[in-house]
Amino acid sequence: MTNAHGTLSRVEVLAPAGPGSLAAFLEEVHPPSPPFSQDRMDAVAALSARLLTDPGFRNAPPFVAAAFWMRRAGLERLRTAYASRFQAEPGVLRVPAGRVFHVAPANVDTLFLYSWALAFLCGNANVIRLSGERAPEVDALLRALDLTAADHPVLAAENRFVTYPHDAPVSEVFSRWCLHRIVWGGDATVAALREVPLNPHASERSFASKFSFAVLKASPFLALGSEDRQGLAARFFNDFFPFDQAACSTPQVVFWVGGAEEGRRAHALFLDAVQAEARRRNLQVDAAQACRRL
């Protein structure tokens, strides 16, 4: 790693504020931990509890959802599911990859939490590259991670959350270090990272551009009472608005199934309910967002 020291000087370590340089972290052996070890379970559960009780996240539903997914009861279900697979296939030996490099997307702030948590729980050391254009909630989350690491040293010992401009030589250092690379982003991001040499022993998962749509049946919708209709609109709001329609799971098109006339009536009522939900949540759309949508 000696030749990479100069390259790594272009990298900012965001968290945890652990001892030692980034180069030293990459040079450490990091022996894989058994999947779902108690110290790692405790660390993720503690981070979840900190996020769920932080008032700064109350108006950030995606972060609350991620924290809820990481709560101890959810982690225990993951561990139980893993144990069931292990028992069902006694002839299969499952071991951690060992070192994982995550390239997080800029458009959906919380996605990196899921892949990081799963990789960490499975016993891996991780480097997570975050975008330089981060929401304030991401920086608050990194501060929460620092605070949690003070009580759970395994967080500081096995993870580095970093940022750097798009820089192929830097990405190459991390790609040659890792034994598994996870790339979140559009087709162009995936294609660009594919040009970066990967450790010959490493595998890769990529999550490129996706297109989603919603299908609603007009007649059952028209049969709903106003309260149920509004509840459906609230759930649609959660899918549609938090990431400004940039998430892969966000519907780009809504299809109504049924006759033309009932479809028009259902659409009008649905649009009214979604607009009412937007007003209830005091949705603010700035000019730049509006231009992007247009």
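Everything numeric in this text was worked out from a predicted model, so none of it was measured.

A. Local environment of the overall build of the chain. In terms of regular secondary structure, the chain is built from 14 helices and 8 strands. Here the C-alpha coordinates of the chain stretch approximately 70 × 45 × 40 Å along the principal axes. Across the 294 residues of the chain, 43% fall into the buried class. For the chain, the share of sequence-separated contacts (at least 6 apart) that also reach a separation of at least 24 residues comes to 75%. Just so you have it, the chain exposes about 15400 Å², and 57% of that area is on carbon and sulfur atoms. One finds the centroid of the 30 positive side-chain charges in the chain at a distance of 4 Å from the centroid of its 29 negative side-chain charges.

B. Broad picture of the packing of aromatic side chains. Summed over all chains, the structure comprises 16 aromatic pairs. Residues F213 and F255 carry aromatic rings whose centres are separated by 5.5 Å and whose planes lie at 90° to one another, so their mutual orientation is edge-to-face. Residue F213 is located in strand β7 (residues 212-217), and its partner F255 is located in strand β8 (residues 251-257); the two are separated by 42 residues in the primary sequence. Given a relative accessible area of 41%, F255 falls into the partly exposed group. Ring geometry for F236 and F270: centres 5.1 Å apart, planes at 75°, overall edge-to-face. Highlighted residues: F236 in helix α12 (residues 226-240) and F270 in helix α13 (residues 260-280), separated in sequence by 34 residues.

C. Layout of the confidence of the model for the chain. Averaged over all residues, the pLDDT of the chain equals 89, while 94% of them reach at least 70. Considering each helix and strand of the chain separately, the mean pLDDT is smallest for helix α14 (residues 287-293), with a value of 71, and largest for helix α3 (residues 38-52), with 97.

D. Layout of the packing of α3 against helix α4 (residues 61-69). Between α3 and α4, whose axes approach to 8 Å, the crossing angle comes to 145°. For the element pair α3 and α4, the recorded crossing hand is left-handed. From α3, S48, L51 and L52 reach across to α4, where they touch V64, A67 and F68.

E. Seen up close, the sheet that holds strand β3 (residues 125-130). Taking strand neighbours across the sheet as the criterion, the 6 strands line up as β1-β4-β3-β2-β5-β6 in an open arrangement whose pairing is mixed. Looking at which strands have only one partner, the edges of the open sheet turn out to be β1 (12-15) and β6 (203-207). The average undirected angle you get between the axes of adjacent strands in this sheet is 20°. Pairing of strand β2 (residues 99-103) with β3 involves 5 bridges; the strand directions are parallel. Residue H102 lies in a different strand from β3, and its bridge partner there is I128. Along the sheet, helix α9 (residues 168-177) contacts β2, β3, β4 (159-163) and β5 (180-184); its crossing angle with β2, the most-contacted strand, is approximately 145°. Strands in contact with helix α10 (residues 187-194) are β2, β5 and β6; relative to β5, the strand with the most contacts, it is inclined by about 150°.

F. Fine view of the packing of α4 against helix α6 (residues 111-121). Relative to each other, α4 and α6 sit at 15°, their axes nearing to 10 Å. Taken together, the axes of α4 and α6 are roughly parallel relative to one another. Seen along the crossing, α4 lies across α6 with a hand that is right-handed. On the side of α4, the interface is formed by A65, A66 and W69, while α6 contributes L113, Y114, A117 and L118. Class assignment of the residues belonging to the contact of α4 with α6 gives a composition of 7 nonpolar, no polar and no charged.

Conventions used here
Residues numbered from 1 in each chain as written. Predicted model: local features only at pLDDT ≥ 70, side-chain atom pairs only at ≥ 80, totals over all residues. Heavy atoms only, no water. Helix = DSSP H or I, 4+ residues; strand = E, 2+ residues; numbered from the N terminus. Buried < 20%, exposed > 50% of the residue type's maximum accessible area, 1.4 Å probe, protein only. Contact = heavy atoms within 4.5 Å. Areas by Shrake-Rupley, 256 points an atom, 1.4 Å probe, with all protein chains shown as cover. Lys, Arg positive; Asp, Glu negative; His and termini not counted. Charge placed at Lys NZ, Arg CZ, Asp CG, Glu CD. Phe/Tyr/Trp six-rings, centres within 6.5 Å; stacked < 30°, edge-to-face > 60°. pLDDT = per-residue confidence, 0-100. Axes fitted to C-alpha atoms, helices over the stretch in contact; angles between N-to-C directions. Left-handed = near helix turned anticlockwise from the far one by under 90°. Pairing = 2+ DSSP bridges. Parallel < 35°, antiparallel > 145°, perpendicular 65-115°, else oblique. Nonpolar A, V, L, I, M, F, W, Y, C, P; charged D, E, K, R; others polar.

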